[in-house]
Amino acid sequence: MKTELLTADLFEWKDVAKQAAEIISNGEVVALPTETVYGLAASIHNEEALKKVFTAKERPSYDPLIVHIGTVSDLDEIAEISEELRPIVDQLIEKFWPGALTLVLPKKESISDLITSGLDTVAVRMPSHEIMQEVCKLAGPLAAPSANRFGRISPTSASAVEKELDGRIALIVDGGACREGLESTIIKPSPAPSEGKKAIFTLLRPGAVPREQLREFGKIEKPKPPKKGEETPQTVEAPGLLDSHYAPITPLFLYDSIDEFKPEEGKKYGLLSLKGENGDFFKAYQWDKEITLSPGSGKISEGAVRFFWALRQLDEAGLDAIIAEPMHTANVGEALMDRLKKASVNR
Ligand code: AMP
Ligand code: MG
């Protein structure tokens, strides 16, 4: 299949969104920019198109997709929200949508098992990216996982999508670099257990919305592992969250201290650093390639935006190994460290 590339610039982006929506309505899958990472979108109403998402990505069917909606009113077509759950869902929507917060909610009967991997819940969010939002409005709700091959580095630019999926999908829309650069935060909200108590949020995946912003609205808990012998799709709260993910082909080692690094003669090593010249890792070795996520300031939010881009650069540099320095876990640092651990071979 020939993959077309359309650039959505300032003057033509609505036109490009219209073309993308038409292609999706005709049953094809299209890579689209979002504020988190690029997504590979299919209509939630087209089973054949949904299957194409899994084929193009080589994604296993047990890993469910996130549904993206263009307007809040579309939510009632996707999720069955009880009276008890409604107030907290409304609060979260009011504060975080459109944006990088995905809610796992009881699903409507009509939602395909392909989207939910047979679970009785569905993950849904309203993206803030203008192009993605417009396509969702024109083509209806879209199921869209990240536009990379399964387990690989998430794409934050159209050229990264091209490297991952060229020849496998109909269209890539180039909308520039993603402004968050990390995937959405996924929570499963539950009503407050009793009067005067807070709602409970099961944090299924840390992401671009940090837990510090969610705390005001509810108590954040870890997902409960299913009891031994009771592992069915319905008992798994966080499916698809494998230990190895977001991974470069070049082995990546995450060390707590530079003392753990034992270079071998004649091998090439690259460094992924947050602080650059201000950190111990930077000075300790003559690196063959070095990327500092936030030069000068060492700011974690800047690091997050550049993280997947940096991983890709290092992966393409012909190194024997990538060494990563640890980063702090405050704010979006929690999501960054989560991705870094999953990308590494030693953690
Ligand atoms: P991706 O779109 O590639 O970022 O992946 C979507 C992720 O959302 C999956 O890997 C799951 O971990 C999560 N997810 C989607 N649907 C559900 C659901 N119904 N329950 C829990 N997690 C979900
Ligand atoms: Mg993904």
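About the criteria used
- Residues numbered from 1 in each chain as written.
- Chains lettered and ligands numbered in written order.
- Predicted model: local features only at pLDDT ≥ 70, side-chain atom pairs only at ≥ 80, totals over all residues.
- Heavy atoms only, no water.
- Helix = DSSP H or I, 4+ residues; strand = E, 2+ residues; numbered from the N terminus.
- Buried < 20%, exposed > 50% of the residue type's maximum accessible area, 1.4 Å probe, protein only.
- Contact = heavy atoms within 4.5 Å.
- Salt bridge = Lys/Arg side-chain N within 4 Å of Asp/Glu carboxyl O.
- Polar contact = N/O pair within 3.5 Å; in protein donor to acceptor, adjacent residues only side chain to side chain.
- Pairing = 2+ DSSP bridges.
- Axes fitted to C-alpha atoms, helices over the stretch in contact; angles between N-to-C directions.
- 1 Å grid on protein atoms, 1.4 Å probe; cavity = no way out; pocket = protein on both sides within 12 Å on 5 of 7 lines; lining within 4 Å.
- Points joined across faces, edges and corners; volume = space filled by probe spheres on them.
- Nonpolar A, V, L, I, M, F, W, Y, C, P; charged D, E, K, R; others polar.
- Parallel < 35°, antiparallel > 145°, perpendicular 65-115°, else oblique.
- Left-handed = near helix turned anticlockwise from the far one by under 90°.
- Core = buried A, V, L, I, M, F, W, Y, C linked by side-chain atoms within 4.5 Å.
- Phe/Tyr/Trp six-rings, centres within 6.5 Å; stacked < 30°, edge-to-face > 60°.

Draft legend 1. Broad picture of the overall build of the chain. Helices and strands together make up the secondary structure of the chain, namely 11 helices and 15 strands. Projected onto the principal axes, the alpha-carbon positions of the chain cover approximately 60 × 55 × 40 Å. Evaluated residue by residue, the chain yields a buried proportion of 53% over its 347 residues. A separation of at least 24 residues holds for 68% of the contacts in the chain among residues at least 6 apart in sequence.

Draft legend 2. Representation of the pattern of salt bridges. A complete count under the given rule lists 22 salt bridges for this structure. A salt bridge links E130 to R179, with the nearest nitrogen and oxygen atoms 3.8 Å apart. Residue E130 is located in helix α6 (residues 130-139), and its partner R179 is located in the loop between β8 (171-174) and β9 (185-190); the two are separated by 49 residues in the primary sequence. In this structure, D256 and R347 form a salt bridge, with 3.5 Å as the shortest nitrogen-oxygen distance. Here D256, found in the loop between β12 (252-254) and β13 (269-273), pairs with R347, found in the segment after α11 (333-343); they are 91 residues apart in sequence, far enough to count as distant. Through salt bridges that share partners, R149, R152, E164, R312 and D315 make up one connected network.

Draft legend 3. Looking closely at the side chain of S146. Along the polypeptide, S146 turns up in the loop between β7 (142-143) and α7 (158-165). Polar side-chain contacts of S146 include one of 2.6 Å to the side chain of N148. Contacts of S146, omitting those with residues within four sequence positions, involve V37, Y38, G39, L40, K57, S154 and P155.

Draft legend 4. Focus on unusual backbone geometry. Of note, the bond from W97 into P98 is cis; its omega dihedral lies within 30 degrees of zero at -10°. Mapped onto the elements, P98 comes out in the loop between α4 (86-96) and β5 (101-106). Positioned with a positive phi, E58 is a non-glycine residue whose angle comes to about 55°. Tracing the chain through its elements places E58 in the loop between α2 (47-57) and β4 (66-68). Residues other than glycine seldom take positive phi values, yet N331 does so here, at roughly 50°. Secondary-structure assignment places N331 in the loop between β15 (321-324) and α11. Taking the relative accessible area as the measure of exposure, N331 reaches 39% and is therefore partly exposed.

Draft legend 5. Spatial organisation of the sheet that holds β13. The four strands are arranged β12-β15-β13-β14 in an open sheet whose pairing can be described as parallel. The sheet is open, and its two edges are formed by β12 and β14 (289-292), each paired on a single side. On average, each strand axis in the sheet is tilted by 20° relative to the strand beside it, whichever way the strands run. Judged from the four bridges that link them, β13 and β14 form a sheet pairing that is parallel. Opposite S273, over in β14, you have T292 as the bridge partner.

Draft legend 6. Region of interest: the layout of surface pockets. Estimates place the volume of the second largest pocket at around 290 Å³. Taken together, 14 residues make up the lining of the second largest pocket; nearest its centre are L203, L204, P206, P223 and D338. If you list the elements that add at least two residues to the lining of the second largest pocket, you get β10 (199-205), β11 (218-221) and α11. For the lining of the second largest pocket, a count of residues per class yields six nonpolar, no polar and eight charged.

Draft legend 7. Structural view of the packing of helix α10 (residues 300-315) against α11. Where α10 meets α11, the closest approach of the two axes is 9 Å, and the angle between their N-to-C directions is 25°. The pairing of α10 with α11 is recorded here as roughly parallel in orientation. At the point where α10 passes α11, the crossing takes the left-handed sense. Contact with α10, carried on its side by I300, G303, A304, F307, F308 and L311, involves G333, L336, R339, L340 and A343 of α11 and no other residues of that element. Taken together, the residues of the contact of α10 with α11 sort by class into eight nonpolar, two polar and one charged.

Draft legend 8. Layout of the nonpolar core. If you look at the biggest cluster of nonpolar residues, it comprises 50 residues, and the most contacted ones within it are L75, L92 and W97. Y246, A304, A335 and L340 belong to the second largest nonpolar core, which has 27 residues in total.

Draft legend 9. Representation of the environment of P141 in the model. Summarising the element assignment, P141 is placed in the loop between α6 and β7. Residue P141 is classed as buried on the basis of its relative accessible area of 3%. Between the C-alpha atom of P141 and that of I78, which follows or precedes it by 63 residues, the distance is 8.6 Å. Not counting residues up to four positions away in its chain, the partners in contact with P141 are A42, S43, I44, V67, H68, I69, D74, E77, I78 and C136.

Draft legend 10. Highlighting the packing of aromatic side chains. Under the criterion given, the structure shown has nine aromatic pairs. With a centroid separation of 5.1 Å and 85° between ring planes, the pair formed by F261 and Y285 is classed as edge-to-face. You can see F261 sitting in the loop between β12 and β13 and its partner Y285 sitting in the loop between α9 (280-283) and β14, a full 24 residues away along the chain. F261 gets classed as buried once you look at its relative accessible area, which sits at 10%. Feature note: the residues F261, Y269, Y285 and W287 constitute an aromatic cluster, connected by ring pairs.

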